[in-house]
Amino acid sequence: MSSLLEVSNLRIAFKSEGSSNEVVHGINFSVAAGGQTVAILGESGSGKSVSCMALTRLLPDAPACQVTGEILFEGRNVLTMDKAAVRSIRGNGIAYIFQEPSSSLNPVFTVGYQIAEAVKLHRPDITDVEARVVELLELVGIRDAAKRRKAYPHEMSGGMQQRVMIAMALACEPKLLVADEPTTALDVTIQAQIMDLLRDLREKLGMSIILITHNFGIVKGFADEVMVMYRGDLVEQGPVEDILNNPEHPYTRALIACIPRLGKKQRRLMTIESEMSGS
């Protein structure tokens, strides 16, 4: 498969009160076109989300934030584009699903209105916007879509709200979907439904995915490649089965040890610190 995204020596630093704090330290990765899924794993603060926000320059401009390296999307360097060119990539080329859909959706507008806004912004060629909204809601598995498009976010469950967020992302027909902790606020049953939905959409649309998560439990059977980040460094990467079956870095082993397993009892919860120290 051809390369859709190539990231080389990505460094991100935030400046405050005259000092600079580098939070991502020269990472490299790529995502192939046509449906490859890359999972980026690590605890909060490891640099996962901020690295992906840099892909479409969603971080503050310099000097507040300094992003260096190279981000090639379809062969073009995002970091050297003018703002108009970057805006054309946001949504149309790379779309995002963020965690906590209840915080991302506007409570004073119906979900149909909010999806329609995305369609109008990124697909001005579509004349029947309402029909497209219904089509998108049906695509993400929302029943009675013509009626549900008139609902407000608070009238929907967390799982339904996340489906609406996915519909908004798909409104732009992106080539790459960045799913940032898409199941964090959901119960286990709904988590499985959302992951199944993303899997089906990937196969149906040929869309590549970057999955940001701290949970190795949802990666197996979904991702092709895994990247493990720790304190801004990319400490391990490779095919998902290789990483799960033969993790080399102690931080990766600690994350895998956190996966709950039926019938297995642990005397104490394995901590990252104890695994890193070899105890």
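Above this text sits the structure in question.
Residues numbered from 1 in each chain as written. Predicted model: local features only at pLDDT ≥ 70, side-chain atom pairs only at ≥ 80, totals over all residues. Heavy atoms only, no water.

**Q** Got a minute to help me understand the sheet that holds strand 6 (residues 94-97) in this structure?
**A** Hydrogen bonds between backbone atoms are what pair the strands of a sheet, whose relative direction is either parallel or antiparallel. Spatial strand order, 6-7-8-3-9-10: 6 strands in an open sheet with mixed pairing. Across the chains shown, the open sheet's two edge strands, defined by having one partner strand only, are strand 6 and strand 10 (233-239). Ignoring which end each strand starts from, the neighbouring axes of this sheet average 15° apart. Across 5 bridges, the pairing between strand 7 (residues 176-180) and strand 8 (residues 208-213) is parallel. If you follow A179 over to strand 8, its bridge partner there is L211. Its contacts with the sheet put helix 10 (residues 250-257) on strand 9 (225-230) and strand 10, and the angle it makes with strand 9 is roughly 105°. (Pairing = 2+ DSSP bridges. Helix = DSSP H or I, 4+ residues; strand = E, 2+ residues; numbered from the N terminus. Axes fitted to C-alpha atoms, helices over the stretch in contact; angles between N-to-C directions. Contact = heavy atoms within 4.5 Å.)

**Q** Please explain the packing of helix 5 (residues 129-139) against helix 7 (residues 158-170) as it appears in this structure.
**A** The angle between the axes and the distance between the axes are what describe a pair of packed helices. Contact geometry for helix 5 and helix 7: axes closest at 9 Å, N-to-C directions at 125°. As judged from the angle between their axes, helix 5 and helix 7 are oblique. Between helix 5 and helix 7 the crossing geometry is right-handed. Between helix 5 and helix 7, the contacting residues are R132, L136, L137 and L139 on the first element and V164, A167 and L170 on the second. Class assignment of the residues belonging to the contact of helix 5 with helix 7 gives a composition of 6 nonpolar, no polar and 1 charged. (Parallel < 35°, antiparallel > 145°, perpendicular 65-115°, else oblique. Left-handed = near helix turned anticlockwise from the far one by under 90°. Nonpolar A, V, L, I, M, F, W, Y, C, P; charged D, E, K, R; others polar.)

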